[in-house]
Structures are given as structure tokens and as C-alpha cells.
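Overview (structure and organization)
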Amino acid sequence: MSDFNLYAFSEAIADLAAKAAPATASFTTHHHRTASAFHWRDGYFVTAEEAVEAGEEIELTLASGEAVKAELVGRDPSTGVALLKPAGAVAAPALAKADAVRPGNLAIAIGSQGSALAVSGSVGEVGPAWRSMRGGTIDRRINLAVNAGGRFEGGPVLDAKGALIGMLLFGPRGRALVMPYETVERAVATLREKGHVARGYLGAGLHPIRDGAARGAMVMSLDDNGPAKAAGLALGDIIVAWNGEAVHGPRELIRKLGPDSAGAAVTLGVVRGGEQRDVALTVGEKPLS
């Protein structure tokens, strides 16, 4: 590649970042660090759910430098999406949806800290839909080979056309990943309508256990008005299966208690006093905290 072409490529990346910058904003989190947000549409901004706390006062610093108060409309821990609504009208562009991406495609992470931030890299992995640790259905697995710091969390990730692949989050060991556009879109629609995304609820405190051949989640406590107690579960029961599928611990149960589980009728395989039995249970909706 000639020096001229390398320069042109560099300028093209910078131009894409500059075009997207007016859509971004920043705010100081409850951990006293900076996170990013970006305009979704209709005056709503999205950011990383972990960066906000219910009831806290949020002040967005827009790309123009203007500081505006913002309401936390809702948050979805299962997808990591939070929805913010600034006070008054905010002039900010909306980013178009990107086409499907492949490993090796260019990826540009955009952030804000009063001034524009941008870093480029590539899409490292594209996989099928997956279930988050908190039970959310994520439409695609997109991992990034991008060296982005915490200030970029909650910001947009763009393709080589400047279109929106999704929102930047950090997974285990600080790995950069994308919450895909489709997943963010679904979460935003629900948060705008309800202010929260329903999560499944058993009403039982669970602890990982291995008792002889039985490996599962032991019931350590029961909510008085919870589905587990209503179904007849008792302290000391070990949940070992969900609709016939083996359950090896509480973490697997939590993954099954996603937004689509509320109201579902399930059969739990339970070991009680060394004997296995089936318990029919209707999953509840987790109360808002």
C-alpha cells in the first residue's frame, strides 16, 4: 500500500468517526468514571446498563459540550442496555443500521469524554445467538479485536460505511464485545413501553451443590409469595433438571430465567431425601427492585 493510500485510509476512518461524533454523549458514572452513550432515535439515548443506577441523577455532556439532565427510562440487565431521555429537545443524528458483519471486517468504536473518542480495529468473531448470564437472548455473538478503554463503554460500534453494528460492552476479562443492533432495538422498544424488561422469577435462594450423584442447585430460602413455595418446593430440595434438561447449578437456572420465561409452565426435576421427583411450576415475573 502506498503512502498516499495509507493516508487516504487513515483520513477515511477519521471522517467516519467525525460524522458519528455528534450522536454521542458522555456522563460520569456512580463509580466516578466516564462512560459513553449515543442517540438511538426520537431523542432517546442508549448506554451500558452497568454504568447507571436507578434513582441517580444523570447529566449527559453532548458532543456540542452542552450538559443536560437525563431521565433513566429503564434498564435491562439481561442485555446490558439502559435507555436515557434527556430533558428538552436534543439535536443529534441517528445512526443507520449496519449490514451483517464478518470476522476481519473493520470496526470503529466511538466514545465521548467531552471531546470525541475513536479507535479502530476489526471484528474478531461472529457467532450465533446466545444467552447472557442474566438470561437475555442476544441475537449474534460479536467479539471485537479493538483496544478500547472503559470510556468507550456504552458507545456505538460502526462498520466501514459508518453504520451502526451495535453498542460496545465489556465481557469477562475486559473483552470488547458488541450488543447487536437487533438486540438493542428490541430492548429499547420494551423499555420505552414498560420502563423495564421482565425477568423470570422462582422466588428461591439457591446454592450450588454436589450430593453424591446429584449435582444441582439447593434451595436455601423461599420467598413467602414466590412461585417456588407455591409449587411445593422445600428447603433442602436440590433442583437437578428443567423440563428434562440437566441443571448443574444456580447459574444455569438464572440463564433460563430470561424475559421470555415469565409466565411459562415448567417441570423441575428435584431431589428430596435422596429421591427424585417432578415439580410443576409457573415461572413468575421478577419484582422491580
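My aim in this report is to walk through the structure given alongside it, one point at a time. (Residues numbered from 1 in each chain as written. Predicted model: local features only at pLDDT ≥ 70, side-chain atom pairs only at ≥ 80, totals over all residues. Heavy atoms only, no water.)

1. Re the overall build of the protein chain
In terms of regular secondary structure, the protein chain is built from 4 helices and 22 strands. Taken over 289 residues, the protein chain has a buried fraction of 47%. Of the contacts formed within the protein chain by residues at least 6 apart in sequence, a portion of 57% connects residues at least 24 apart. As presented, the protein chain carries roughly 14,000 Å² of accessible surface, and 50% of it is formed by carbon and sulfur atoms. If you average the places of the 29 positive and of the 31 negative side-chain charges in the protein chain, the two averages end up 4 Å apart. (Helix = DSSP H or I, 4+ residues; strand = E, 2+ residues; numbered from the N terminus. Buried < 20%, exposed > 50% of the residue type's maximum accessible area, 1.4 Å probe, protein only. Contact = heavy atoms within 4.5 Å. Areas by Shrake-Rupley, 256 points an atom, 1.4 Å probe, with all protein chains shown as cover. Lys, Arg positive; Asp, Glu negative; His and termini not counted. Charge placed at Lys NZ, Arg CZ, Asp CG, Glu CD.)

2. So, the environment of Leu95
On the secondary structure map, Leu95 appears in the loop between strand S6 (81-86) and strand S7 (106-112). For Leu95, a relative accessible area of 12% gives the class buried. Among residues more than four places away in sequence, those in contact with Leu95 are Ala20, Ala23, Phe38, Pro156, Leu158, Leu164 and Tyr181.

3. Overview of the pairing of strand S1 (residues 24-28)
Of all 5 residues in S1, 4 are buried; the element is thus mostly enclosed. The pairing of S1 with strand S2 (residues 34-41) spans 5 bridges and is classified as antiparallel. Pairing of Thr28 across the sheet is with Thr34, part of S2. Here S1 folds back onto S2 in antiparallel fashion, the turn holding 5 residues, of which His32 has a positive phi close to 60 degrees. Where S1 and strand S4 (residues 58-62) come together, 2 bridges link them in antiparallel fashion. (Pairing = 2+ DSSP bridges.)

4. Notes on the sheet that holds S7
Spatially, the 6 strands close up into a barrel ordered S7-S8-S11-S14-S13-S12, and their pairing is antiparallel. Averaged over all neighbouring strand pairs, the angle between strand axes comes to 45 degrees, with direction disregarded. As paired elements, strand S12 (residues 156-158) and strand S13 (residues 164-170) share 3 bridges and run antiparallel to each other. Looking across to S13, one finds that Pro156 is bridged to Met167. Along the sheet, helix H2 (residues 181-194) contacts S13 and strand S14 (176-180); its crossing angle with S14, the most-contacted strand, is approximately 55 degrees. (Axes fitted to C-alpha atoms, helices over the stretch in contact; angles between N-to-C directions.)

5. Let's talk about unusual backbone geometry
With a phi angle near 55 degrees, Asp42 is a residue other than glycine that sits in the positive phi range. Within the secondary structure layout, Asp42 lies in the loop between S2 and strand S3 (44-48). Despite not being glycine, Arg173 shows a phi value in the positive range, around 60 degrees.

6. Some remarks on the nonpolar core
Ranked by size, the top nonpolar core spans 45 residues in total, and within it Phe27, Trp40, Phe45, Val46, Leu60, Met167 and Val184 carry the most contacts. In terms of residue count, H2 provides more of this core than any other element does, 5 residues in total. For Val184, the contacting residues outside a window of four places in its chain are Trp40, Val46, Val81, Met167 and Met179. Core analysis: the second largest hydrophobic core is formed by 17 residues, Ala98, Ala109, Phe152 and Val157 among them. (Core = buried A, V, L, I, M, F, W, Y, C linked by side-chain atoms within 4.5 Å.)

7. Some details on the layout of surface pockets
When its volume is computed, the largest pocket comes out at roughly 530 Å³. Every residue lining the largest pocket is counted, 23 residues in all, and those nearest its centre are Trp130, Ser132, Met133, Phe170 and Gly171. Contributions of two or more residues to the lining of the largest pocket are made by strand S9 (130-131), S13 and S14. In the lining of the largest pocket, the residues fall into 10 nonpolar, 5 polar and 8 charged. (1 Å grid on protein atoms, 1.4 Å probe; cavity = no way out; pocket = protein on both sides within 12 Å on 5 of 7 lines; lining within 4 Å. Points joined across faces, edges and corners; volume = space filled by probe spheres on them. Nonpolar A, V, L, I, M, F, W, Y, C, P; charged D, E, K, R; others polar.)

8. Here we look at the pattern of salt bridges
Enumeration over the complete set of coordinates arrives at 13 salt bridges. The partner of Glu245 in a salt bridge is Lys256, and the shortest N-O contact between them spans 3.3 Å. In this pair, Glu245 is assigned in strand S19 (residues 245-246) and Lys256 in helix H4 (residues 250-256), connecting sequence segments 11 residues apart. Among the charged side chains, a salt-bridge network with shared partners connects Glu57, Glu59 and Lys69. (Salt bridge = Lys/Arg side-chain N within 4 Å of Asp/Glu carboxyl O.)

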